[in-house]
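Examining the three-dimensional arrangement
Each chain, written out:
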Amino acid sequence: MWKHLTIATLAFDMLLSAVIAAPGAGLYALDALDDAPVGPMLGGLPVTGMNNAADNDKDTNIPAPADVSSNENTQLTGNGWFKVPITAHKSPKGQVSTISARIRALEKHNLSVPSKWLQAVEKLPIKEYGYGIEYYGEVGIGTPPQKFKLDFDTGSGDVWLAGEDCAVCSRHKKFNPRNSSTHKAEGRKWGISYGDGSFATGYTIRDTVSIGNLTVPNQVIGLATSESRAYQQDTVDGLLGLSYSGVSFIPGVTTFLDNINENDYLKQPIFSVYIKEKDKNDYAGEYLFGDIDHSKFEGELTWVPLSTPKFWEINLDGVSLNVEGVGKEQMEISGPAILDTGTTLIVMDEKQATEFHRGIPSAEKSEIYGWILPTNTDQLIPGNISFAIGGAEFSVPVKNLVREPVKGLDGWSFSAVTSGASNFIIIGDVFFRSNYITFDRGNARVGIAPSKH
């Protein structure tokens, strides 16, 4: 029985395979689409840094919010806050492709992808060819607002969605510029592509973005005129990036988040993310802009300064495995980490991912499928994974590491932790589902606390 074993006895022999580099994500903005680069590139300008917070503070007491009008066209100029409920979405027929989620995570951050993963994705039926789990909210574009379901993504600075000229975007609601009195033509062509074959291309406009009680005018928006079938099958209409300027597909664009910050639209230049298991009404949490909801987490927030004020990047001090009735085993995992709500998984480099899976009985590295786990891992290891950040520890239940079953391998499931990162760890929604996080743009820091569910 597991309780009679020591954690040290759980090391396993992993399958070693050569990793062949594959092209990364192509993010580009062009004057003419015919001039699209053969190889991928990441658009963006050097980012002007902000002063990091000197110390890791405890939660500051932000005053309770005043009553805010429900008029969605109100442009707030201070003392503003609002909540946006989010909905959890799985790929068609409830199937989740962890391989696709891995590829998106790596290429989104311009990292190489093993060629075997790309080959495996090509063989997946369309019903399994999805993002994994996304969390979206309702956003208005134009005046009056046309409503869309957009994926809220702290790992991106882009705002894009389907345009009326997209003939293949029938599953999505399309934006019609002619129905907006604030629409301005911009005319730059743009595109986003991934090595798994998914892409979207189109042109840019400027228009008003409305979310909750906030209206942000003159925001650069990408309108898709063509999409790959992976995007066509997606329930989400597009993306709302919540990262710094410089992490955008068009060089020089001020992101939605920075527009909010520079114009003092909120009473505090912050937003807080609360993600939970969806209920019968598909409610899966909320984004709270301008404030902190203390009822959604345990204790106080631990404030952690950003190490790089471009992405939401912090330093991960360590990771450990805590098993009920056995004890705690420290893993040799630490380094820069990006908090990314637009990524489903947790992505580490090869050495870190190997170290992470060392304590999981029978976990293996498959050349084709990457890291896989016994489907009953949560029964074999009752406990949690602890992430040390800013002098505190934040846990993720072991059961949340087990993804969908691997076809053809009975008793095996994909792991929510994968390899492929290089200079930083990507911390995705697996972590957010257990921890409340406040993103403080004004002070270049984040606050983290265990969520209440």
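Keep in mind that this is a model prediction, so the values were computed, not measured.

Criteria and thresholds
Residues numbered from 1 in each chain as written. Predicted model: local features only at pLDDT ≥ 70, side-chain atom pairs only at ≥ 80, totals over all residues. Heavy atoms only, no water. Helix = DSSP H or I, 4+ residues; strand = E, 2+ residues; numbered from the N terminus. Buried < 20%, exposed > 50% of the residue type's maximum accessible area, 1.4 Å probe, protein only. Areas by Shrake-Rupley, 256 points an atom, 1.4 Å probe, with all protein chains shown as cover. Pairing = 2+ DSSP bridges. Core = buried A, V, L, I, M, F, W, Y, C linked by side-chain atoms within 4.5 Å. Contact = heavy atoms within 4.5 Å. Phe/Tyr/Trp six-rings, centres within 6.5 Å; stacked < 30°, edge-to-face > 60°. Lys NZ or Arg CZ within 6 Å of the ring centre and 35° of its normal. Axes fitted to C-alpha atoms, helices over the stretch in contact; angles between N-to-C directions. pLDDT = per-residue confidence, 0-100. Polar contact = N/O pair within 3.5 Å; in protein donor to acceptor, adjacent residues only side chain to side chain. Salt bridge = Lys/Arg side-chain N within 4 Å of Asp/Glu carboxyl O.

Bringing the overall build of the protein into the picture now. On a plain count of helices and strands, the protein comes out with 7 helices and 28 strands. Looking at the protein as a whole, 58% of its 453 residues qualify as buried. Total accessible area on the protein is roughly 18,100 Å²; 49% of this is exposed by carbon and sulfur atoms.

Burial analysis of strand β21 (residues 383–389) places 6 of its 7 residues in the buried class, the great majority of the element. Pairing of strand β15 (residues 318–323) with β21 involves 6 bridges; the strand directions are antiparallel. Across the sheet, the residue bridging to Asn 322 is Asn 384, located in β21. With 6 bridges joining them, β21 and strand β22 (residues 392–397) adopt antiparallel strand pairing.

This brings us to the nonpolar core. Of all hydrophobic cores here, the largest spans 76 residues; its most connected members are Ile 211, Phe 256, Phe 356 and Val 446. No other element matches the 4 residues that strand β8 (residues 214–227) contributes to this core. Apart from residues lying up to four places away in sequence, Phe 256 is in contact with Val 159, Val 209, Ile 211, Leu 214, Val 216, Gln 219, Leu 240, Gly 241 and Leu 242.

With that out of the way, let us pick up the packing of aromatic side chains. Scanning the entire structure with this criterion turns up 16 aromatic pairs. Here a set of aromatic residues connected by ring pairs shows up, and it is made of Phe 152, Tyr 244, Phe 271, Tyr 287, Phe 289, Trp 312, Phe 432 and Phe 439. A cation sits over an aromatic face here: Lys 173 above Phe 148, 5.5 Å from the ring centre. Above the plane of the ring of Tyr 274 lies Lys 296, whose end atom (NZ or CZ) is 5.6 Å from the centre.

Turning next to the sheet that holds strand β13 (residues 308–309). The sheet built from 6 strands is open, its strands ordered β13-β14-β17-β26-β18-β25 with mixed pairing. Edge strands, defined here as strands with exactly one partner in the open sheet, are β13 and β25 (417–419). Looking at chain direction, strand β18 (residues 346–348) and strand β26 (residues 425–427) are connected through 2 bridges and run antiparallel. Within the sheet, the bridge partner assigned to Ile 346 lies in β26 and is Ile 427. Together, β18, β25 and β26 form the strand contacts of helix α5 (residues 350–357), whose direction differs from that of β25 by roughly 145°.

Between Thr 143 and the following residue, Pro 144, the backbone shows a cis peptide bond with an omega angle of -5°. A positive phi angle, near 60°, is found at Asn 218, a position not held by glycine. Tracing the sequence through the fold places Asn 218 in strand β8. You can call Asn 218 partly exposed: its relative accessible area is 34%.

Here the focus is the pairing of strand β17 (residues 335–339). Among the 5 residues in β17, 4 count as buried, and that is most of the element. Two elements, strand β14 (residues 312–316) and β17, share 4 bridges in a ladder whose sense is antiparallel. When the bridges of β17 are listed, Glu 313 appears paired with Ile 338. Examined bridge by bridge, β17 and β26 share 3 bridges and lie parallel to one another. Among the inter-strand pairings, Ala 337 is bridged to a residue of β26, identified as Ile 425.

Mean pLDDT over the protein: 74, with 69% of residues reaching 70 or higher. Long-range and interchain partners of residues 91–96, a stretch whose pLDDT sits below 50, account for 14 contacts in this model, where long-range means more than four residues apart.

Turning our attention to the sheet that holds strand β16 (residues 327–331). What the 4 strands build is an open sheet, ordered β16-β15-β21-β22; its pairing is antiparallel. Bordering the open sheet on either side are β16 and β22, each of which pairs with just one other strand. When strand polarity is set aside, the average angle formed by the axes of neighbouring strands in this sheet is 25°.

Moving on to α5. Along α5, the residues that are buried comprise Gln 352, Ala 353, Glu 355, Phe 356 and His 357. With a side-chain oxygen positioned 3.2 Å from the backbone nitrogen of Lys 351, the residue opening α5 is Asp 349.

Right, let's get into the side chain of Ser 366. In this fold, Ser 366 is placed in strand β19 (residues 364–366). Within the structure, the side chain of Ser 366 is placed 3.1 Å from the backbone nitrogen of Tyr 369, a separation counted as a polar contact.

In this section: the environment of Asn 176. Looking at where Asn 176 falls in the secondary structure, it is placed in the loop between β5 (159–162) and β6 (184–193). Its relative accessible area of 16% is what places Asn 176 among the buried residues. C-alpha separation for the pair Asn 176 and Ala 162, spaced 14 residues apart in sequence, amounts to 9.4 Å.

On to the pattern of salt bridges. It is possible for side chains bearing opposite charge to pair when their charged atoms get close. Applying the stated criterion across every chain yields a total of 12 salt bridges. Note that Asp 293 is salt-bridged to Lys 296, the shortest N-O span being 3.1 Å. The exposure classification of Asp 293 matches that of Lys 296, with both residues buried. The shortest N-O distance in the salt bridge between Glu 393 and Lys 328 comes to 2.9 Å. Separated by 65 residues along the polypeptide, Glu 393 in strand β22 and Lys 328 in strand β16 bring together distant segments of the chain. Here Lys 328 falls in the partly exposed class, since its relative accessible area comes to 47%.

Tracing the backbone shows Val 159 in strand β5. A sequence separation of 60 residues divides Val 159 from Gln 219, and the C-alpha atoms of the two residues are 8.5 Å apart.

What follows covers the environment of Leu 239. Position of Leu 239 relative to the elements: it lies in strand β9 (residues 238–241). A relative accessible area of 13% places Leu 239 in the buried class. With 79 residues separating them along the chain, Leu 239 and Trp 160 place their C-alpha atoms 5.4 Å apart.

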